[in-house]
Amino acid sequence: MIVNSTEILKKARKKGIAIPQFNINNLEWTKYILEECNKNNSPVILGITEKTVNYMGGYKVVSNLIKDLDSSLSIKIPIVIHLDHGSSFEACKEAIDNGFTSVMIDASRLSLEENIKLTKKVVEYAEKYTVTVEAELGSIGNNTKLYTNLEEAIEFTKKTKIDSLAPAIGTVHGIYQEQAKLDLNLCDQISKFTNIPLVLHGGSGLDEIIIKQAIKAGITKININTELQIAWSNALKKYLIENGRIYDPRKIISSGEKEIKRVIREKIDIMQSNK
Ligand SMILES: [Zn+2]
């Protein structure tokens, strides 16, 4: 079932668990993620960046692919089609017009005032189509240390009426060069005062204990991208070394299937075991 993220995040927040966002890259990844989440009975948010949209052939291709897989694979879990790090109003609008059920507007590079203005514009458009909106405040860059300011987060949430917020609390995208230092106290405060689901970007490579602490501090959605990429590409490299004569692309691409599914299963276990 294709849904927006309202209900699943609300339920998860109440239960004290998190919903995973796994980023897709092609047909095979989408299929693997849907199959494994379905098997483990976890709702899933499929993250698609603008670059991936271009890579896969356009917004319509992506949303139709997901909708068709949902029905042809008889998937029983809720699925969210989500634009990850939308860079402009136009990108969010195109996603919404083409069947995405959730968008992230990332205007965190702008001043607070400009970020509010642009995010609000996206929320107002999305509302008409019951599409949910995630926004970012602070900077979750690469090794940046620009943490979100609590007062700004409260003002931002109130003025924009976003559905979920990605605060900068110390995580980074990609691979961690050193142990991540998360400000979970700040996260907890932002969660209490904004009272909306919080999103953790850069969820790859975080220790189980940190993920669980983050969920306790109000994180309801965790984005996993890099870790799936590494699992898949390592398995594929190994397969090619061991099977140098193989040229069937279906065998080559799907040689990473088991590993991707293993990581998905592990992440769902950590996010939803509630222990
Ligand atoms: Zn991100």
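Residues numbered from 1 in each chain as written. Predicted model: local features only at pLDDT ≥ 70, side-chain atom pairs only at ≥ 80, totals over all residues.

Regarding the overall build of the protein
Moving on, step 1. Broken down by element type, the protein carries 12 helices and eight strands.
Moving on, step 2. In terms of overall size, the protein behaves like a compact globule, its C-alpha atoms giving a radius of gyration of 18 Å where 275 residues would be expected to give roughly 19 Å.
Moving on, step 3. Within the protein, buried positions represent 46% of all 275 residues. (Helix = DSSP H or I, 4+ residues; strand = E, 2+ residues; numbered from the N terminus. Rg over C-alpha atoms; globule rule 2.2 N^0.38 Å. Buried ≥ 20, exposed ≤ 12 C-beta atoms within 10 Å, placed from the backbone.)

Description of the pairing of strand 4 (residues 102–105)
Moving on, step 1. Of the two faces of strand 4, the one lined by Ser-102 and Met-104 and the one lined by Val-103 and Ile-105 are each fully buried.
Moving on, step 2. Direction of pairing for strand 3 (residues 79–86) relative to strand 4: parallel, over a ladder of three bridges. Residue pairing for strand 4: Leu-83 is matched across the bridge by Val-103.
Moving on, step 3. Read as a crossover between parallel neighbours, the route from strand 3 over helix 5 (residues 89–97) to strand 4 is right-handed.
Moving on, step 4. One crossover worth recording links strand 4 to the parallel strand 5 (residues 132–137) by way of helix 6 (residues 112–127), and it is right-handed. (Pairing = 2+ DSSP bridges. Right-handed = clockwise from strand over helix to strand, strands pointing away.)

Quick look at unusual backbone geometry
Moving on, step 1. Despite not being glycine, Ser-74 shows a phi value in the positive range, around 50 degrees.
Moving on, step 2. If you trace the backbone, Ser-74 turns up in the loop between helix 4 (59–72) and strand 3.
Moving on, step 3. Overall, the presence of 7 C-beta atoms within 10 Å leaves Ser-74 in the exposed class.
Moving on, step 4. A positive phi is found at His-85, a non-glycine position, where the angle reads about 55 degrees.
Moving on, step 5. Among the secondary structure elements, His-85 is positioned in strand 3.
Moving on, step 6. For His-85, a count of 22 C-beta atoms within 10 Å puts it in the buried group.

Examining the nonpolar core
Burial of nonpolar side chains together is a common tendency in soluble globular proteins.
Moving on, step 1. Ile-33, Leu-46, Val-103, Leu-165 and Ile-219 are the most contacted members of the largest nonpolar core, which totals 74 residues.
Moving on, step 2. Leave out the neighbours within four places in its chain, and Leu-46 touches Phe-22, Ile-24, Thr-30, Ile-33, Ile-66, Ile-79, Val-80, Ile-81 and His-82. (Core = buried A, V, L, I, M, F, W, Y, C linked by C-beta atoms within 7 Å. Contact = placed C-beta atoms within 7 Å.)

Brief notes about helix 5
Moving on, step 1. Those residues of helix 5 not exposed but buried are Ala-91, Cys-92, Ala-95 and Ile-96. Mapping the buried residues of helix 5 onto a view down its axis gives an arc of 135 degrees, with all of them on the same face.
Moving on, step 2. Gly-99, located one to two residues past helix 5, shows a positive phi value of around 100 degrees. (Arc of directions from axis to C-beta.)

Notes on helix 1 (residues 6–15)
Since there are 3.6 residues in each turn of an α-helix, residues three or four apart along the chain are aligned in direction.
Moving on, step 1. For helix 1, the complete set of buried residues consists of Ile-8, Leu-9, Ala-12 and Arg-13. Taken around the axis of helix 1, the buried residues stretch over an arc of 130 degrees, which confines them to a single face. Facing away from the buried surface of helix 1 by more than 90 degrees, the exposed residues are Glu-7, Lys-14 and Lys-15.
Moving on, step 2. In the core, the buried residues of helix 1 are packed alongside strand 1 (19–23), strand 6 (164–167) and strand 8 (219–224).
Moving on, step 3. Note on helix 1: the residue one or two positions beyond its end, Gly-16, has a positive phi of about 75 degrees.

Observations regarding the pairing of strand 1
Moving on, step 1. Taken across its five residues, strand 1 has five buried, putting it largely inside the fold.
Moving on, step 2. Direction of pairing for strand 1 relative to strand 8: parallel, over a ladder of four bridges. In the sheet register, Pro-20 faces strand 8, and the bridge partner there is Ile-222.
Moving on, step 3. Two strands pair when backbone bridges link them, and strand 1 and strand 2 (residues 44–49) are joined in this way by three bridges, in the parallel orientation. Note that in strand 2 the partner of Phe-22 across the bridge is Leu-46.
Moving on, step 4. As a crossover connection, the stretch from strand 1 through helix 2 (residues 27–39) into strand 2 is right-handed.

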